[in-house]
Each structure stands twice: as C-alpha cells, then as structure tokens.
Amino acid sequence: KACVEFVEGGLDDEKNCSSSSFPHDDNLYANALLAKLCSLDGRDEDDKDESEVIRTKFFSALGSMRSRLSLSTGEFGLHLHLREVIIDLEANGYATMGGFYNRFMSDEERLKAKECFEKARDLFKMLKTVDAEMNATKVGLIISELESEINGSGDTPLGLEGIIDVTIL
C-alpha cells in the first residue's frame, strides 16, 4: 500500500513525472499496483472491491504507456524494446490477477482466473525470450490444473500440486 501511495504521490507531482520519464513512471506505478494486488488475500468484500480498483488503475497505466509509445519518435530498437516491456508487464498483470482470482473456491472465480492465465500465456508467447517461454509453460500448467479442478476430476496433471503458488518472473 505504501509503495502505491508513494508512486501515486510522485505521479501527481509534475516536476517528478514528465513525458521524458516514460516508461518509468507508469511502469513503476503498474508494478506497484501488482504488488498491492498480491498482498490482498481476497477473503472479504473490501479486498474484492480494492482488486477491481487496482485492475482499473493497472490497465489505465498500461493504456498511458501504449499511447506514449505510439506518439514517440526515435530509435526503432528502443521502440521495440519498450513495446516488449509493455507486453511483459501486461502478461505479468494478467498472471497476477489470475492468481488473485484463484484464491477463491467458487467455479466462477476459477473461470476468471483461467481466463486471466490464458491471456497471460498468450502474451508471454508473443515474447521471444527464455523467461517468457518459461512463464508461458508455467502458466500453461496452471491452466491445466485449473481445468481439472473446474471439471471436477480432481486429478492434478503430472502431480503439480501447489503450482498455482508459483511466482511468474
């Protein structure tokens, strides 16, 4: 919470947050929001409400990063790197949201988790790095486990008990 408040305070301060600081301001803010989401246990309605606020702010920060990227001019290589940073951040965002929804026992919440994990996997696959490939594999295993739980088979594929607690890089 303190990290989000610190970053939000800095974002409101014009001298600390200029267009030249992209992508650091929105990137820092989005990562702070994801850290805050990880800290919620989701057991009460306040956490659920706060998670929706966090989701909205996260996607707003991503939108801001994308719009700045589309308006930026400059070196093509830097443009591609920043595009990959945004895709990686979005993938990690969906994976974190999937982890939050998976803390609930209802099938409805597990379906939301599965949907988030599927989006994360697809985004990780867009990136051609070793870390992204490993994350796509981890998320794929989580999706398989969720499908087993949702379908009621109770069988965890390949003995992957507890894999849902794996932190995505």
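Along each chain, numbering runs from 1 in the same order as the chain's sequence is written. Selection of residues for local features in this predicted model requires a pLDDT of at least 70, selection of side-chain atom pairs for listing and counting requires 80 or more, and totals for whole chains, interfaces and linings are taken over all residues. No hydrogens and no water enter the side-chain calculation; it runs on all heavy atoms of the structure.

**Student:** What is the right way to look at the overall build of the protein chain in this model?
**Tutor:** In DSSP terms, a helix is any run of H or I states spanning at least four residues, a strand is any run of E spanning at least two, and both are numbered starting from the N terminus. Of the regular secondary structure elements, the protein chain holds six helices and zero strands. Here the protein chain holds 169 residues, and 40% of them are scored as buried. The contact criterion used is simple: two residues touch if any of their non-hydrogen atoms lie within 4.5 Å. Relative to all contacts within the protein chain whose residues are 6 or more apart in sequence, the contacts with residues 24 or more apart total 61%. Every accessible area reported is derived by Shrake-Rupley at a probe size of 1.4 Å, with residue values counting cover from the shown protein chains alone. Entry remark: accessible area of the protein chain is about 9500 Å², with carbon and sulfur atoms responsible for 53%. For every residue, the accessible area obtained with a 1.4 Å probe (protein chains only) is divided by the maximum for its type, and the residue is called buried under 20%, exposed over 50%, and partly exposed between those limits.

**Student:** How should I be thinking about the pattern of salt bridges in this particular structure?
**Tutor:** When charged atoms on two side chains of opposite charge get close, those side chains can pair. One side-chain nitrogen of Lys or Arg within 4 Å of one carboxyl oxygen of Asp or Glu is enough to make a salt bridge. Per the stated rule, a full pass over the model turns up 11 salt bridges. With a shortest N-O distance of 3.4 Å, Arg121 and Asp122 are connected by a salt bridge. The exposure class of Arg121 is partly exposed, given its relative accessible area of 21%.

**Student:** Looking at this structure, how should I read helix H5 (residues 107–126)?
**Tutor:** At 3.6 residues per turn, the α-helix brings residues three or four places apart onto the same side. A helix is expected to span 1.5 Å for every residue after the first. Its 20 residues give H5 an end-to-end C-alpha distance of 29 Å, which sits within 8% of 28 Å, the value for a rise of 1.5 Å per residue. Within H5, burial applies to Glu109, Arg110, Ala113, Lys114, Cys116, Phe117, Ala120, Leu123 and Phe124. On its buried face, H5 is in contact with helix H3 (45–71), helix H4 (76–101) and helix H6 (130–151).

**Student:** Even after reading the chapter, I still don't get the side chain of Glu90, so can you show me in this structure?
**Tutor:** Mapped onto the fold, Glu90 is located in helix H4. The residues touching Glu90, leaving out its near neighbours within four places in the chain, are Phe58, Leu62, Arg66 and Leu123.

**Student:** Before we go on, may I ask you to explain the packing of H5 against H6 in this structure?
**Tutor:** Angle between the axes and distance between the axes: these two values describe a pair of packed helices. Interaxial angle, 0 to 180 degrees, is taken between N-to-C directions of lines fitted to C-alpha atoms, where a helix line uses only the stretch in contact. Taken N-terminus to C-terminus, the directions of H5 and H6 make an angle of 155°; their axes are 9 Å apart at the nearest point. Classified by the interaxial angle, the pair formed by H5 and H6 is roughly antiparallel. In the packing of H5 onto H6, the handedness of the crossing is left-handed. Here H5 contributes Asp107, Arg110, Leu111, Ala113, Lys114, Phe117, Glu118, Ala120, Arg121, Phe124 and Lys125 to the contact with H6, which in turn contributes Ala132, Asn135, Ala136, Val139, Gly140, Ile142, Ile143, Leu146, Glu147, Glu149 and Ile150. In this classification, the charged set is Asp, Glu, Lys and Arg, the nonpolar set is Ala, Val, Leu, Ile, Met, Phe, Trp, Tyr, Cys and Pro, and all remaining amino acids, among them Gly, are polar. Of the residues in the contact of H5 with H6, the class split is 12 nonpolar, two polar and eight charged. If an angle is under 35 degrees, it is roughly parallel; if it is over 145, roughly antiparallel; if it lies from 65 to 115, roughly perpendicular; otherwise it is oblique. Left-handed describes a crossing in which the near helix is turned anticlockwise from the far one by less than a right angle; the clockwise case is right-handed.

**Student:** I tried to follow the packing of H4 against H5 on my own but got confused; where do I start?
**Tutor:** Between H4 and H5, the shortest axis-to-axis distance is 7 Å and the interhelical angle comes to 160°. Between H4 and H5, the angle is such that the two are roughly antiparallel. Viewed along their axes, H4 and H5 form a crossing whose handedness is left-handed. Contacts between H4 and H5 pair Arg83, Ile87, Asp88, Glu90, Ala91, Asn92, Tyr94, Ala95, Met97, Gly98, Gly99 and Tyr101 from the former with Glu109, Lys112, Ala113, Cys116, Phe117, Lys119, Ala120, Leu123, Phe124 and Met126 from the latter. Here the contact of H4 with H5 is built from residues that sort into 13 nonpolar, three polar and six charged.

**Student:** Help me understand the nonpolar core, please; the structure alone is not making it clear to me.
**Tutor:** A general feature of soluble globular proteins is that nonpolar side chains tend to end up buried together. What is meant by a nonpolar core is a set of buried Ala, Val, Leu, Ile, Met, Phe, Trp, Tyr and Cys residues, joined one to another through side-chain atoms within 4.5 Å. Counting 36 residues, the largest nonpolar core has Phe58, Leu89, Phe117 and Phe124 as the members making the most contacts within it. Among the elements of the structure, helix H2 (24–39), H3, H4, H5 and H6 are those that each provide at least two residues to this core. When residues in this core are grouped by element, the largest group, 10 residues, is from H4. Contacts of Phe58, omitting those with residues within four sequence positions, involve Ala30, Leu33, Leu34, Leu89, Glu90, Gly93 and Met97.

**Student:** Got a minute to help me understand the environment of Asn92 in this structure?
**Tutor:** Position of Asn92 among the secondary structure elements: in helix H4. Of the residues examined, Asn92 reaches a relative accessible area of 12% and is grouped as buried. Residues Asn92 and Asn31, spaced 61 residues apart in sequence, show a C-alpha to C-alpha distance of 9.2 Å.

**Student:** How should I be thinking about the confidence of the model for the protein chain in this particular structure?
**Tutor:** Caution applies to low-pLDDT parts of the model: their predicted coordinates are not meant to be read in detail. The predictor attaches a confidence to each residue, called pLDDT, with possible values from 0 through 100. Residues at a pLDDT of 70 or more form 74% of the protein chain, whose mean pLDDT is 80. When mean pLDDT is taken per element in the protein chain, H5 scores highest with 94 and helix H1 (residues 2–12) scores lowest with 56. Segment residues 13–23 is flagged for pLDDT under 50; beyond a separation of four residues in sequence, or across chains, it makes 13 contacts in the model. A low-confidence stretch, residues 156–167 (pLDDT under 50), is modelled with 19 contacts involving residues beyond four sequence positions or located in other chains.

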